[in-house]
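Here's the letter readout for the chains.
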Amino acid sequence: MFSLRQGLTMFGRAPTAPTLNKQWNVDVSALARLSLVAITVSCAPIDLTAQSSPTAAPSAASVTTASVANDQTLRHVHQHLETEGGHAADATFDPGWWQPLVSQPIRPEVPSAALTLDDTLLRALEHSRQIQVFRDLPLIRETTIIEADAAFDWTAFTEARWDDTTDPIGNSLTAGGDVRFFEDHRLSARAGLRRRTRSGADLELYQRLGFQDNNSQFFVPDPQGTARLNLSFTQPLMRGRGRQYNESLVLLAQIDKNVAEDEVQRQLQSHLLEVARSYWALHLERAVLYQKINSYIRGKDVFDRLNQRREVDARLTQIISADATLKSRASELVRARAAVKNAESRLRSLVNDPSLCDVEIIPIDMPVFESLPVELDESITIAFQKRPELQQAIKNIKAASVRLQMAKHELLPELDLVTNFYLSGLEGEGQAFDAWANQFDTGRPSYGLGLEYELPVFNRAANARHRRRQLEIRQLRNQYATTLETVRFEVEVAARECMTSQTELSTKQHAMQARNAQLNALTKRWQQLPGEDVTASLALENLLIAQDALAVAEYEYLQSQLTFKLSIFNLKRATGTLIQSRPIELCPTDLATEPVTQTNQRQPHSDKPLPQSDTLPSYISQLQPAETQAAERQPAEPPTSTVRRDDSDHVAHPQPWYRISGMR
């Protein structure tokens, strides 16, 4: 069950209710009476046979059964209490006498900063280092889209090579005559463009120029310049063919970026929930401090009254008992003051606002108690539409479907169409540039066509990869169904806790009012009794116990107030409606100019496109027939962004990239 105490374990300890640490100082005559009763009981005759008799056990069981009501009574009382609890949400709640004091400074010597919950959440979104970590994740993933799409860009290349060869000749036809070594000097250079098309073809165009000189009698002209303009085109006809397959990596990168955006939503909502918990935890600790101070004042009033009547009718045991209680409550104040500082430190570490350093943080928002009707079915429906975890699961299934289609395509053998077209030119005296002109004037086109086929025997690697993709699809389907049930469970618990906390708030208020009435009655009774009577000593002890009981009731009522507020936040987080984000903006120049330490200054941003919608069936049973459709759709082109510079130098309230829902 979600409660404030669970949300406060981050401090290393949960705030504790005022304890009932008392030293029981009873009058001597009262002890004498109790001793007399004990002696009388001990002198009573004991039936030893009854202790050893087998029928003794049933008698003990009958005593235990007699202390338990019958089934009909238990059910009737349960239904009655449940009916009464159903109308508790319409009650009027007392904010508590401590509420005005919480918004006042505790340490006047230290500068203070008064914060509302809205302001605290906005500061966290602007300054929190953890949130900045979350925000960078989609931007990092976005670079993979450009990287994947860059595989289809043109590539310019150039090559130059000089070869000086001296080889012994074993054939007179190589160079002719009595030449013993074949000496060849060759200089070649080429430049061109190449790219991989979206259909999977490899296209290459280059121009080559060369100079060659050797000692062969058959090499005419010598030296000579050469030129060749070459165009080659290789198109896969089976494996690797088609725009769908070749752009799959771009589509996967886009899906991965969208998954990262959903992850940012989930992390942001969790972080903002922790900030809200810390804010109300600070409110709780400050209120508990004033409750303990008030409990100390109550005890001091009793001690002062007894001390003033020391010479009249106040007994020494009564003064000692009141003094022990007073010192115990004073020791609790030390821990309460430290708890306030710890709560401030926790909130400060989550917000990371430099302006909150070395100041006293004062929460000025007071709990507002309004009846909150919760429709469970409607909340579950909204959660299924808004929860980032479900959106992530759907996108992961889509990515797995794309990988499955890729693996199915890779089962095909390789069959490539290879073509080559070129023009060539030749010129004497090593004139390579004249040869370049000759390739268009006197040269004739040449071409070559061919097919290349390849298939691994048994094709085990491709079959294993295809089987793995099928298993991944099945695993993600089960994971999606599990996520659905988890989301449903979290919404049910959050909605139930929200309704329960309203009822609990009413019952805690009634308990506090009853404890207050009890304390008032015991106070009047103690003030009217003479101090030297044994009854007066017992009345004093009852009074001190009642003061502690009222302090406990006030603490529990305060805790139920803040639990109710946090239950609303938790319900919004469970339904995925705590925040609604805008596109995350970041100017590319930020990475080069923004120092790491200067995270509080606003930098110019660039507009990023909205994430593309992923239309997969929302229910898992409809996924299987849609797997092929999701993969066969044309992959989306990588998003492009235009940089929008912000010329404003001084902005008091920069336009955020987020919108928070239901902060109050």
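Conventions and cut-offs
- Residues numbered from 1 in each chain as written.
- Predicted model: local features only at pLDDT ≥ 70, side-chain atom pairs only at ≥ 80, totals over all residues.
- Heavy atoms only, no water.
- Helix = DSSP H or I, 4+ residues; strand = E, 2+ residues; numbered from the N terminus.
- Buried < 20%, exposed > 50% of the residue type's maximum accessible area, 1.4 Å probe, protein only.
- Contact = heavy atoms within 4.5 Å.
- Areas by Shrake-Rupley, 256 points an atom, 1.4 Å probe, with all protein chains shown as cover.
- Patch = residues over 30% accessible without salt bridge, like charges linked within 9 Å, V, L, I, M, F, W, Y side chains within 5 Å.
- Salt bridge = Lys/Arg side-chain N within 4 Å of Asp/Glu carboxyl O.
- Expected span 1.5 Å × (residues − 1).
- Axes fitted to C-alpha atoms, helices over the stretch in contact; angles between N-to-C directions.
- Parallel < 35°, antiparallel > 145°, perpendicular 65-115°, else oblique.
- Nonpolar A, V, L, I, M, F, W, Y, C, P; charged D, E, K, R; others polar.
- Phe/Tyr/Trp six-rings, centres within 6.5 Å; stacked < 30°, edge-to-face > 60°.
- Core = buried A, V, L, I, M, F, W, Y, C linked by side-chain atoms within 4.5 Å.
- Pairing = 2+ DSSP bridges.

1. Some thoughts on the overall build of the protein
And step 1. The secondary structure content of the protein amounts to 19 helices and ten strands.
And step 2. With 664 residues in all, the protein has 41% of them scored as buried.
And step 3. Relative to all contacts within the protein whose residues are 6 or more apart in sequence, the contacts with residues 24 or more apart total 84%.
And step 4. Entry remark: accessible area of the protein is about 36500 Å², with carbon and sulfur atoms responsible for 55%.

2. Details of a nonpolar patch on the surface
And step 1. A cluster of nonpolar side chains, contributed by L205, L231, F421, Y447 and L449, occupies part of the molecular surface with about 530 Å² of accessible area.
And step 2. One can find Y447 in strand β8 (residues 446-454).
And step 3. Using a relative accessible area of 63% as the deciding quantity, one classes Y447 as exposed.

3. Section: the side chain of S379
And step 1. Tracing the sequence through the fold places S379 in helix α13 (residues 376-386).
And step 2. Looking at S379, the relative accessible area reads 10%, which means it is buried.
And step 3. When neighbours within four sequence positions are excluded, S379 is seen to be in contact with V374, V491 and T575.

4. Comments concerning helix α12 (residues 316-351)
And step 1. Helix length check: α12, at 36 residues, gives a terminal C-alpha distance of 53 Å against a target of 52 Å (1.5 Å per residue), a fit within 8%.
And step 2. Backbone geometry just after α12 places N352 at a positive phi near 60°.

5. A closer look at the packing of helix α7 (residues 117-127) against helix α8 (residues 129-149)
And step 1. Closest axis-to-axis distance for the α7/α8 pair is 6 Å, and the angle between their directions is 55°. As summarised for this structure, α7 and α8 are arranged oblique, according to the angle between their axes. Residues A124, L125, E126 and H127 of α7 lie in contact with α8, whose contacting residues are R129, I131 and Q132.
And step 2. Split into classes, the residues belonging to the contact of α7 with α8 amount to three nonpolar, two polar and two charged.

6. Brief notes about the packing of aromatic side chains
And step 1. Under the defined criterion, the tally for this structure stands at five aromatic pairs.
And step 2. Centroid distance W98 to Y557: 6.3 Å. Interplanar angle 70°. Geometry classified as edge-to-face. Linking W98 in the loop between α5 (71-85) and α6 (99-102) with Y557 in helix α17 (residues 534-575), this pair joins segments that are 459 residues apart in sequence. Y557 carries the same exposure label as W98, and that label is buried.

7. Things to note about the nonpolar core
Soluble globular proteins tend to pack their nonpolar side chains together in the buried interior.
And step 1. Counting 84 residues, the largest nonpolar core has V302 and L306 as the members making the most contacts within it.
And step 2. With 17 residues, α17 is the largest single contributor of residues to this core.
And step 3. Residues within four places of L306 in sequence aside, it is in contact with A314, Q318, I319, A322, W526 and L540.
And step 4. Formed by eight residues, the second largest nonpolar core is a distinct cluster that contains L251, L252, V259 and A399.

8. Some points on the packing of α8 against helix α11 (residues 248-308)
And step 1. Close contact between α8 and α11 brings their axes to 8 Å; oriented N to C, the two are set at 175°. The angle between α8 and α11 places the two elements in the roughly antiparallel class.
And step 2. Residues that form the contact of α8 with α11 fall into these classes: twelve nonpolar, five polar and seven charged.

9. As for the sheet that holds strand β5 (residues 224-236)
And step 1. Ordered in space as β2-β3-β4-β5-β7-β8, the six strands form an open sheet in which the pairing is antiparallel. Of all the strands in the sheet, the pair left with one neighbour each is β2 (155-168) and β8. Averaged over all adjacent pairs, the angle separating strand axes in this sheet is 20°, with direction ignored.
And step 2. Examined bridge by bridge, β2 and strand β3 (residues 181-196) share 14 bridges and lie antiparallel to one another. Bridge pairing in β3 places D163 opposite R186.

10. So, the pattern of salt bridges
Side chains that differ in sign of charge can pair as their charged atoms come close.
And step 1. If you walk through the whole model with that rule in mind, you get 29 salt bridges.
And step 2. With its nearest N and O atoms 2.9 Å apart, the salt bridge here joins R141 to D256. With R141 in helix α8 and D256 in helix α11, this residue pair connects regions lying 115 residues apart in the sequence.
And step 3. The partly exposed category is assigned to R141, whose relative accessible area is 24%.
And step 4. A relative accessible area of 31% means that D256 is categorised as partly exposed.
And step 5. Here E360 and R286 are joined by a salt bridge, their closest N and O atoms 3.0 Å apart.

11. Quick look at the pairing of strand β7 (residues 414-428)
And step 1. As paired elements, β5 and β7 share 13 bridges and run antiparallel to each other. Counterpart to P236 in the pairing with β7 is D416.
And step 2. Pairing between β7 and β8: nine bridges, direction antiparallel. Looking at β8, one finds that V418 is bridged to G450.

12. So, the environment of L471
And step 1. Tracing the backbone through its elements, the reader meets L471 in helix α16 (residues 460-528).
And step 2. Residues L471 and L404, spaced 67 residues apart in sequence, show a C-alpha to C-alpha distance of 9.7 Å.

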